[in-house]
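Working through the structure, step by step
Here are the chains, one letter per residue:
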Amino acid sequence: MLDISREQFEELVGLALDEIPGELATLMDNVAVFVEDDPPPEEPRDLLGLYDGTPLTDRDHSYGGVLPDRITIFMNPTLRICDSYEEVVEEVHVTVVHEIAHHFGIDDDRLHQLGYD
């Protein structure tokens, strides 16, 4: 497994977020991004990211007073599948985009069609 510190990994997540086009970033609503070492025990060990919340497409007039949606990027599974720093950068970017897409209501099937596996 690559030796990348938590701080470095969090920076990569921040850089990936910075690459989200401004017109999309301004549409994101009530969502927070976190980095964790590993997925929760009930999730697959190789899970790279997780969106937990109510997608924008499912919100209606009754949505309000709720905690922010959570996007969590998991460091250890990402480092386990990557062979180089450059691969980590790319995988973090793809994972961040994937989870943000879920916030916008895009499901895994559509993401797969778009090349975000």
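Above this text you will find the structure in question.
What comes next is a walk through the structure.

Cut-off values and rules
Residues numbered from 1 in each chain as written. Predicted model: local features only at pLDDT ≥ 70, side-chain atom pairs only at ≥ 80, totals over all residues. Heavy atoms only, no water. Core = buried A, V, L, I, M, F, W, Y, C linked by side-chain atoms within 4.5 Å. Buried < 20%, exposed > 50% of the residue type's maximum accessible area, 1.4 Å probe, protein only. Helix = DSSP H or I, 4+ residues; strand = E, 2+ residues; numbered from the N terminus. Contact = heavy atoms within 4.5 Å. Pairing = 2+ DSSP bridges. Axes fitted to C-alpha atoms, helices over the stretch in contact; angles between N-to-C directions. Phe/Tyr/Trp six-rings, centres within 6.5 Å; stacked < 30°, edge-to-face > 60°. Lys NZ or Arg CZ within 6 Å of the ring centre and 35° of its normal. Expected span 1.5 Å × (residues − 1). Polar contact = N/O pair within 3.5 Å; in protein donor to acceptor, adjacent residues only side chain to side chain.

Take the nonpolar core next. Ranked by internal contacts, the top residues of the largest apolar core, which has 20 residues, are F9, V13, V88, V92, V96 and I100. Of all the elements in the fold, those that place two or more residues in this core are helix 1 (6-18), strand 3 (69-74), helix 3 (75-81) and helix 4 (85-103). In terms of residues, this core owes the most to one element, helix 4, which gives five residues. Here V96 is in contact with V13, A16, L17 and I73, once residues within four sequence places are set aside.

Through backbone hydrogen bonds, the strands of a sheet pair up, either in parallel or in antiparallel fashion. Reading across from one edge, 1-3-2 is the order of the three strands in this open sheet, with mixed pairing throughout. Edge strands, defined here as strands with exactly one partner in the open sheet, are strand 1 (31-36) and strand 2 (49-52). Each strand of the sheet is rotated relative to its neighbour by a mean of 15°, with strand direction disregarded. In this sheet, strand 3 lies alongside strand 1 in parallel orientation, the contact comprising six bridges. Of the residues in strand 3, the one forming a bridge with E36 is F74. Lying on the sheet, helix 1 is in contact with strand 1 and strand 3; it crosses strand 1 at an angle near 150°.

Per the stated rule, a full pass over the model turns up zero aromatic pairs. In this structure, R70 is placed above the aromatic ring of F34, and the distance from its NZ or CZ to the ring centre is 3.9 Å.

Our focus in this paragraph is helix 4. Relative to the 27 Å expected for 19 residues at 1.5 Å per residue, helix 4 spans 27 Å between its end C-alpha atoms, a close match to the ideal helical length. With its phi angle positive at about 90°, G105 sits one or two positions after the end of helix 4.

This part takes up the environment of R6. By the secondary structure assignment, R6 is in helix 1. Given a relative accessible area of 30%, R6 falls into the partly exposed group. Only 3.0 Å separates the side chain of R6 from the side chain of D37, close enough to count as a polar contact.

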